[in-house]
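Here is how the chains run, residue by residue.
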Amino acid sequence: MLVESLGNRFKQAVRESSDFRGDLSIVVDPSAVVEVARYLRDEEGFDYFLYATAVDWPARDPRFTVVWEVRSLANKTRIRIKTTAAMPDPHAPSLTEVWPAANWHERETWDLFGIKFDGHPDLRRLLMPQTWEGHPLRKDYVSFGEPVIFSDQKLEGLEPDAIRG
Amino acid sequence: MAETRIAQEPFGPGPAQEPFGPENEPPTDWIELNMGPQHPSTHGVLRVRLKLDGEVVRDADPDVGYLHTGFEKSFEEKTYTQGITFSDRMDYLAPPINNVGFVMSVEKLIGVEVPPRAQAIRVMMMELARIASHELWLGTAGLDLGVYSGFFYAWRDRELVLDLNELYSGVRMMTSFTRVGGVAWDLPDGWIDQLQRFIDVMPARIDDFEAMLTDNPIWHQRLQGIGALSAEDAIRTGVTGPMLRASGVDYDVRKAFPYCGYEQYDFQVPLGTNGDCFDRYRVRVQEMRESLKILQQVVDTLPSGPWITDDRKVALPPRSELSKSMESVIHHFRLVSEGFKGPVGDVYAFVESPRGELGFYLVSDGTNKPYRMKVRPPSLCNLQPLKKLVQGVLLADVIAIMGSMDFILGDVDR
Amino acid sequence: MGELTLRPGPMPTGRAAGPTPLNALGDNLLTTTLDKVINWGRSSAIWPALFGLACCAIEMMGTVGPRHDLSRFGSELFRASPRQADLMIVSGRVSIKMAPVLRQIYDQMPEPKWVIAMGACASSAGMFNNYAIVQSVDKIVPVDIYLPGCPPRPEALIDAVVKLQRKIRGEPLVKRPA
């Protein structure tokens, strides 16, 4: 029902919708996200912002799926808004003017994925140091720590640190 | 690995993006004070850059990330069962609740039924964790405001909960007691009696705390009228949990979207009126009492039966079966070495942690590991309005406001 | 503030770290007795700096709590200012962003100072072998006592403090039967 009214109102922009395990989600064109968001907030009563994040699918193009989820406290419903962002310079519209609570969530997504949010008032890194290079949660970011050496492995050619680990 | 260089985090105004920008350049007699990551009252490693005009705060910029651990990246590298041990360490004041939220998202994805006894055990552990977390909050928030003896009262009660945790799971804090499809172990003999003793003793102890604080004029002066957040503002800024309820918004996940059998238990959700720090204190103390009510009801109605699902594709078979059935051995081997696979899709499961709605957004690509596990941290949402709440208050009130928010940096930074 | 360089390996502590005025006098009767008295004094009143980072900090608070009372062993107060503290209990995981801060706090503590790496994350990064956590705090500061556990029980932390006291007094860390 909600999906129908969205489909009627926004025609091409709402590309698909799904109801997997009871979670309603819609995929929207990046250009129409803010409009859809405003409609959801004003007409459908989705007032409570839950989270914003992204998923990295390196094999796909566009590479990133940007996800926001919001809830309607009065109607006890939830909806997940998804859009896409493509390399080499991934962008997505910012929903901070629709839901101010999205501020830090979008900053975190910029920090960890490198997706710029157009219209965000204060897009800085949130979790990593300001001078950090790289976006850790991308699939091609190797999460290095220390190699773990076991007793049956050869030790020559390894640096002193690795042996101690 | 060779020498690693870590670029020094600039403590000064910082490069490039400066939040106190040219459009609101402050007057030159304002001081910038760094409430640094090592501070007794920041409840963890939070850094707040304050602009002070004398004793009055004009602006604040919280700087988080000093405890960023890369949990979400770690979840992608571990199977679903291995991730449970990681999930404890996020909101480390109430680890059982993280455990339940994590496995709930996996259970929702795969479509696994949890038997009633397992649900009851989960509820008991979660409510105990809620009491322990609120006690700790009372102790430390009080400590910041000068209530030195409150710290010791709080820890006396918290130790009882940690004892119960230890009797059940072997560990005081990081219980990791859930498994996908149920819980890891059945309750040991005598645990229910110990829990009953706890339930009998606690109301008097909460009364002790209230007697010390609720009518205390110093407590009133420090907390009443400070950091007030109206209901509309609370919803707009996205705060959750006791902060939201203290502002008068009736939203508690346990009532709105019951899980783990919460619909069977009769309890109230305390609400505040002003949304100030004092209301948040009242809400949390009352929540402790309601948790005791829930615990008593669970003890009285505890169902018998299995404590984990008997779907062998997901849960380990009992050890007694291993010597009898070849199929069990194969299931055991598969589950321990590889784990189980989920369908392709994405789900969002959420629980009510002592800080608010803790959600797990799980994206699966059909393998035995999560493709993306996003944690929706209540503490991040609660910390966001700090900038707005502290404008115009005295420096000492900043401590009171941060204390009343009850955020935990492990949750904020993950 | 310059760049922070992580050195591989544990750093020397105590006597191995270099000469102090007391050592320089040599080992004669007066100085060894004086040594013993001073070390006894130092070990009996170790005041830790407030340096709780993560989950281990909660168990550290539990150690100060009423059931396991750390102040019985001399640690009456945790000092918020590192200038007034002599022990740094690194309790919790040290992230990349926190590492320079940790080093700065350590540098601000006056000599003599000791470090207990409490928990698996401080001793060796624990379960977090990834980009965000410094793989053991001994890459940044010299550690005297490593305390494993995730988190270690309060009794274990008390054991670590007692062993540190023995180390300060120059006794062997583990008492062997005569």
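Residues numbered from 1 in each chain as written. Chains lettered and ligands numbered in written order. Predicted model: local features only at pLDDT ≥ 70, side-chain atom pairs only at ≥ 80, totals over all residues. Heavy atoms only, no water.

A. Region of interest: the environment of Arg122 of chain B. Residues and elements named next belong to chain B. In this fold, Arg122 is placed in helix α4 (residues 116-145). When the C-alpha positions of Arg122 and Arg254 are compared, they lie 13 Å apart, and in sequence the two are 132 residues distant. With residues up to four places along the chain from it excluded, the contact list for Arg122 reads Val100, Val103, Met104, Glu107, Val114, Phe177, Thr178, Arg179, Gly181, Gly182, Val183 and Cys260. (Helix = DSSP H or I, 4+ residues; strand = E, 2+ residues; numbered from the N terminus. Contact = heavy atoms within 4.5 Å.)

B. Broad picture of the interface of chain A and chain B. Contacts between chain A and chain B engage 50 residues on the former and 52 residues on the latter. Where chain A abuts chain B, roughly 4,400 Å² becomes buried across the two surfaces, and 56% of that area is made up of carbon and sulfur atoms. Area buried by chain A at its contact with chain B is led by Tyr48, Trp104 and Leu127 of chain A, which between them contribute 16% of it. Seen at the junction of chain A and chain B, the total is eight salt bridges. Note that Arg414 of chain B and Glu108 of chain A form a salt bridge whose closest N and O atoms lie 2.8 Å from each other. Joining chain A to chain B, the criterion identifies 23 residue pairs in polar contact (both at pLDDT 80 or more). Top contributing element to the side of chain A that touches chain B by residue count: strand β3 (residues 48-56) of chain A, with nine residues. Grouping the constituent residues of the side of chain A that touches chain B by class yields 26 nonpolar, seven polar and 17 charged. (Buried area = accessible area lost by both parts, 1.4 Å probe. Salt bridge = Lys/Arg side-chain N within 4 Å of Asp/Glu carboxyl O. Polar contact = N/O pair within 3.5 Å; in protein donor to acceptor, adjacent residues only side chain to side chain. Nonpolar A, V, L, I, M, F, W, Y, C, P; charged D, E, K, R; others polar.)

C. Structural context of the interface of chain B and chain C. Between chain B and chain C, the residue contacts involve 44 residues of the former and 44 residues of the latter. Remark: the boundary between chain B and chain C carries five salt bridges. A salt bridge links Glu59 of chain C to Arg172 of chain B; the nearest nitrogen and oxygen atoms lie 2.9 Å apart. At the boundary of chain B with chain C, the tally comes to 12 residue pairs in polar contact (both at pLDDT 80 or more). Every element with two or more residues in the side of chain B that touches chain C is listed here: β1 (5-6), α1 (71-77), α2 (80-87), α4 and α5 (148-169) of chain B. Looking at the side of chain B that touches chain C element by element, the count peaks at 10 residues for α5 of chain B. Looking at the side of chain B that touches chain C residue by residue, the class counts come to 21 nonpolar, 11 polar and 12 charged.

Function cannot be inferred from these measures alone, as they are strictly geometric.
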